[in-house]
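Residues per chain are reported as follows:
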Amino acid sequence: MNARNQCAIALGRVAAVLGLAACSDLQQPVAPPVADQMITCTANVQARSLRCDAPTVQLTPGLALSVTLGGQGTYVQLASSNVSYNAGTTTFSADVTVKNLTAQPMGTPDGSNPAPDGVRVFFHSGPTVTDGTGTVTVSNADGIGTFTGTNQPYFQYAGPLAPNATSAPKTWRWTVPVTVNTFTFEVLIQTILPQDQGVLRWLPDSSPTTRRLNALEMEGQSGRGYAVGDSGTVLYYDGSTWSLVNTGLSLGNINLYGLAKIADTVWVVGDSGKIVFFNGSSWSFQTSGVTAALFAIAKVEGSHSLFAVGAGGVILFSANGTTWSPQTSGVTDTLFVTGGPAANNWFAAGQGGTALHWDGSTWSPLATNTTASLHGGTGAGDSTGLTDIWLVGTGGTIIHSSNGAVWSAQTSPTAEDLFGIQALSPVSAMAVGSAGTIVQWNGIAWSAMWSGSTANLNAIDCREVLPIECWAVGTGGALLHGTR
């Protein structure tokens, strides 16, 4: 598996790979400017209406450690009700709610604890009279701040505001002379997200199959990649569209569970010990020497070596990517995950909390302190090497180790089974699981994301460069695309 920028290295997913690599040769990505779109609102005094439309212009981000959001109907949705005008007091008012359309909770640094500033809707410009005469001012703002300019009034909503949730209404009031018929203003939302440089939206990609997809691997620079699944399904992504691959092999009754990719070369493993190989131009079978189902395969970075694991504790090794030999695992539990930073520092994990370490000559057991079945893993590091390993499994289990020897349970935001995980850096990781579950790590805590899907998600992989772009696959041919 390719090394990840920001020294993030994917360990594997259910039926995918767990590939750890050294980070000394990684280049830090350069983040492109983030475009935040303003929300334009129009108030009609005579009609007693307030309408907020799609954004019209763009500007740069807000304060550090927060994100400034616009995009009516994209990231947020402002809605008004109980709009009224009192000519005697020259007060125009409306009850305004904020709906969170992003995949992350708003107004919280970690997904559970509220941020002091909550969710602030601030006035970038206006109010400006567009029909009639006079001056309109905001009369009951919660405060005045400096966001995209100075002396900007804002209304503050309490956090956390969960994904797809709508806030309680807050009454906004303006002083509006009777000589004013309509006025407009432009607002943005500033808030703290658990991962403010991460995925903001998950949207379904068009899928050419309804069969369960079990694993995928994406190429960082180009965004191209492969996904594999049940009944011999192989999909290819060309950077814009997913399509079925005709391997020319008899795979109709073979479920495919894991894949490893480097450049144009691909290895896929599945039922009955099948190993399918693509050399860049044609597909063929490789001889595994086993009939047990193989659930994961991973390539050792910087070499031609690969490991594959499967049912009954099977572990296979190839030094050249062509011929395979069995290794003695010492266990009979099914292994779902494999990967590591080097051929003499490798890991495998699976059923009942089983985990193993390979030192180049012997597989030895690791005490994970869990009985959950471990279906996915990932790792991350810095210029000194591997610093973090996560394994995920049934019942929302997440365990962590800084060295592969000592493991501790993490507080999980879900009880759903977790099947796949991907690290972008030591402070950024995402895991996927049953019932459309996606959870994320921000270096402080794990929190839930909104996927918009109810499919069981089996694997996740992300591009190696900014801006953040991720994919997740699952049952029913589900293909989700995560972006900012």
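*Asks:* Before we move on, can you summarise the overall build of the protein with the specific residues and values?
*Replies:* Of regular secondary structure, the protein possesses 0 helices and 42 strands. Per-residue burial over the protein gives 57% buried out of 484 residues. Within the protein, residue pairs in contact and separated by at least 24 positions form 57% of the contacts whose partners lie at least 6 positions apart. In the structure as shown, the protein presents an accessible area of about 17,900 Å², 49% of it carried by carbon and sulfur atoms.

*Asks:* Just give me the short version of the side chain of Ser-401, but keep the residues and values in it.
*Replies:* Positionally, Ser-401 belongs in strand β34 (residues 398-401). Separated by 2.8 Å, the side chain of Ser-401 and the backbone oxygen of Val-406 make a polar contact. Excluding anything up to four places from it in sequence, Ser-401 contacts Thr-387, Asp-388, Ile-389, Val-406 and Trp-407.

*Asks:* Summarise the sheet that holds strand β22 (residues 275-278); cite the residues concerned and give the values.
*Replies:* Strand order across the open sheet formed by 4 strands is β20-β21-β22-β23, with antiparallel pairing between neighbours. Edge strands, defined here as strands with exactly one partner in the open sheet, are β20 (256-262) and β23 (283-286). Between one strand axis and the next, the sheet turns by 25 degrees as a mean value, whatever way the strands run. Sheet analysis places β20 next to strand β21 (residues 265-270), joined by 6 bridges and oriented antiparallel. Opposite Gly-258, over in β21, you have Val-269 as the bridge partner.

*Asks:* Explain the sheet that holds strand β16 (residues 213-218) to me, using residue names and the numbers behind them.
*Replies:* Taken together, the 4 strands give an open sheet; going across it, the order is β16-β17-β18-β19, and neighbouring strands pair in antiparallel fashion. The outermost strands of the open sheet, each flanked by one partner alone, are β16 and β19 (242-244). Averaged over all pairs of adjacent strands, the angle between strand axes in this sheet comes to 20 degrees, irrespective of strand direction.

*Asks:* For the pairing of strand β39 (residues 446-449), give the residues involved together with the corresponding values.
*Replies:* Both strand β38 (residues 438-441) and β39 contribute to a ladder of 4 bridges, which runs antiparallel. Looking at the pairing, Val-439 lines up with Ala-448 of β39. The turn joining β38 and β39, which pair antiparallel and follow one another in sequence, is formed by 4 residues; a positive phi near 90 degrees is taken by Gly-443.

What counts and how
Residues numbered from 1 in each chain as written. Predicted model: local features only at pLDDT ≥ 70, side-chain atom pairs only at ≥ 80, totals over all residues. Heavy atoms only, no water. Helix = DSSP H or I, 4+ residues; strand = E, 2+ residues; numbered from the N terminus. Buried < 20%, exposed > 50% of the residue type's maximum accessible area, 1.4 Å probe, protein only. Contact = heavy atoms within 4.5 Å. Areas by Shrake-Rupley, 256 points an atom, 1.4 Å probe, with all protein chains shown as cover. Polar contact = N/O pair within 3.5 Å; in protein donor to acceptor, adjacent residues only side chain to side chain. Pairing = 2+ DSSP bridges. Axes fitted to C-alpha atoms, helices over the stretch in contact; angles between N-to-C directions.

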